[in-house]
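Coordinates in review
Residues per chain, in single letters:
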Amino acid sequence: MRDEFACQPWLVPIAHLMPRVIAADWTGQVIGRDWMIQTHLDGVPAPEHLGSYPRSTWPGFFRQLGEIARAVHAVRGPRFGPVAGPGYAAWSEAVLASLEEIAADLGGVGLDSADVRQAAAAADRERAVLDEVTEPRLLTGDLWTVNCLLDRSAAEPVITGVLDFDRAWFGAPDADWTIRMATAKNDERTAFWESYGTRDRSPAARWRSRIYEARHLGALRLERHRLGKADAVAESYPAMAAVLAGLT
């Protein structure tokens, strides 16, 4: 929540799509915990409404998503890492800290985190490749269909709101969850790139993308555990093994 609050001034390019913060309190003196009140946004969650449109209209939705991601990624930050801190001078430091935190969280709930630590070791060995990224850009952290709202009455999908930037951080755009999801399938989502633009596909960029995928898989394992999806947790281990094979 503190990270979402801290990122509000950085999200001005898409402020028209976001709820406004009315009040926030970190003192714990009101209800004994952090809290934040935001304005209500009109709209229907995209997972509930997108399927009501013909699939021929879905590329328009993903083009809008590409425009939003491009606007966020164009914002330059002061350092790498979570918006609320801690901050890091080098991208490799932020990536390593993130992987180590995920590994610690996995161990804290009794899950094997050895593969996440292997990914961290690979990132540590190849810090120079990660540190080819020298300009911190704002990353959404979690932006995809589940965090979009659609106009309930438009003839075609129209994004009217975007939510949940509590995982926003400064780093390489290719490390963002949005980019991961945009590349996950060869379907209507390929329209995302028509508005977002091209990606770096150099060997170094492809190597970095494997580190980012390891981070995503580790975070997904935690989320699936939280949701009680034991089968999905188990599936994350062979998926991670495949990523690690590409890092050697």
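Calculation rules
- Along each chain, the written sequence defines residue order, and numbers are assigned to residues from 1.
- Side-chain atom pairs in this predicted model are given and counted only at pLDDT of 80 or more, local residue features only at pLDDT of at least 70, and totals for whole chains, interfaces and linings cover all residues.
- To obtain the side-chain values, all non-hydrogen atoms of the structure were included, while hydrogens and water were left out.
- In this text, helices come from DSSP runs of H or I with a minimum length of four residues, and strands from runs of E with a minimum of two, each type numbered from the N-terminal end.
- For this analysis, a polar contact is any N or O atom pair within 3.5 Å, provided that within protein one partner can donate a hydrogen and the other can accept it, and provided that sequence-adjacent residues contribute only side-chain to side-chain pairs.
- By definition in these notes, contact holds between two residues if any of their heavy atoms fall within 4.5 Å.
- Think of it in three bands: residues with accessible area under 20% of the maximum for their type are buried, residues over 50% are exposed, and the middle band is partly exposed, with areas taken using a 1.4 Å probe on protein chains only.
- Orientation is described by axes fitted as lines to C-alpha atoms, over the contacting stretch for helices, and by angles from 0 to 180 degrees between their N-to-C directions.
- Here roughly perpendicular refers to angles of 65 to 115 degrees, roughly parallel to angles under 35, roughly antiparallel to angles over 145, and oblique to all remaining angles.
- The sense of a crossing depends on the near helix, which, turned anticlockwise from the far helix by less than a right angle, makes the crossing left-handed and, turned clockwise, makes it right-handed.
- For this classification, the nonpolar set comprises Ala, Val, Leu, Ile, Met, Phe, Trp, Tyr, Cys and Pro, the charged set comprises Asp, Glu, Lys and Arg, and every other residue, Gly included, is treated as polar.
- Definition used for salt bridges: Asp or Glu carboxyl oxygen within 4 Å of a side-chain nitrogen of Lys or Arg.
- The set of buried Ala, Val, Leu, Ile, Met, Phe, Trp, Tyr and Cys residues whose side-chain atoms join them within 4.5 Å is what this entry labels a nonpolar core.
- Strand pairing follows a simple DSSP-based rule, namely that at least 2 bridges must link the two strands.
- The span one expects for a helix is its residue count, reduced by one, times 1.5 Å.

Our focus in this paragraph is the side chain of histidine 73. Looking at the element boundaries, histidine 73 is found in helix H3 (residues 58-73). For histidine 73, the side chain forms a polar contact with the side chain of tyrosine 196, separated by 2.7 Å. If near-sequence neighbours (up to four positions away) are discounted, histidine 73 is found in contact with Arg137, Leu138, Leu139, Pro173, Asp176, Ile179 and Tyr196.

Put simply, glycine 85 and proline 86 share a cis peptide bond, and its omega is 5°. For aspartate 164, which is not a glycine, the phi torsion comes out positive at approximately 65°. Within the fold, aspartate 164 resides in the loop between strand S7 (159-162) and strand S8 (169-171). Note on aspartate 164: relative accessible area 37%, which makes it partly exposed.

Moving on, we come to the packing of helix H4 (residues 91-108) against helix H5 (residues 114-125). H5 packs onto H4 with a crossing angle of 165° between their chain directions and a minimal axis gap of 9 Å. In terms of orientation, H4 lies roughly antiparallel with respect to H5. For the pair H4 and H5, the sense of crossing is left-handed. Two secondary-structure elements touch here, H4 through Leu96, Leu99, Ile102, Ala103, Ala104 and Leu106 and H5 through Val116, Arg117, Ala119, Ala120, Ala123 and Asp124. Across the contact of H4 with H5, the residue classes break down as ten nonpolar, no polar and two charged.

Applying the stated criterion across every chain, the model contains 14 salt bridges. One salt bridge connects arginine 2 with aspartate 34, and the closest N-O pair in it is separated by 2.8 Å. Pair noted here: arginine 2 is in helix H1 (residues 2-7) and aspartate 34 is in the loop between strand S1 (21-25) and strand S2 (35-38), with a separation of 32 residues, a long-range link. For arginine 2, a relative accessible area of 43% puts it in the partly exposed group. Where glutamate 223 meets arginine 167, a salt bridge forms, and the shortest distance between an N and an O atom there is 3.7 Å. Residue glutamate 223 is located in helix H9 (residues 203-226), and its partner arginine 167 is located in the loop between S7 and S8; the two are separated by 56 residues in the primary sequence. Classification of glutamate 223 as partly exposed rests on a relative accessible area of 25%. With relative accessibility at 43%, the residue arginine 167 sits in the partly exposed group. Taken together, the shared-partner salt bridges in this structure form one network comprising Arg76, Glu135 and Arg137.

This brings us to the nonpolar core. In terms of nonpolar packing, the biggest core is built from 68 residues, with Ile14, Phe61, Leu65, Trp91, Val162, Phe192 and Ile211 touching the most fellow members. Here the element with the most residues in this core is H4; it accounts for eight residues. When neighbours within four sequence positions are excluded, leucine 65 is seen to be in contact with Leu143, Trp144, Cys148, Ile159 and Phe192.

The sheet built from three strands is open, its strands ordered S3-S6-S7 with antiparallel pairing. Whereas interior strands pair on both sides, the edge strands pair on one side only; in this sheet they are strand S3 (44-45) and S7. Bridge analysis of S3 against strand S6 (residues 148-150) gives two bridges, and the strand direction is antiparallel. Residue pairing in the sheet places proline 45 in a bridge with leucine 149 of S6.

Attention shifts here to H4. Between its first and last C-alpha, H4 extends 26 Å over 18 residues, near the 26 Å set by a 1.5 Å rise per residue. Taken as a whole, H4 has its buried residues at Trp91, Ser92, Ala94, Val95, Leu96, Ser98, Leu99, Ile102, Ala103 and Leu106. Looking at the buried positions of H4, the neighbouring elements they touch are strand S4 (81-82), H5, helix H6 (127-130), S8 and H9. Where H4 ends, the next residue or the one after it, glycine 110, has phi of about 85°, a positive value.

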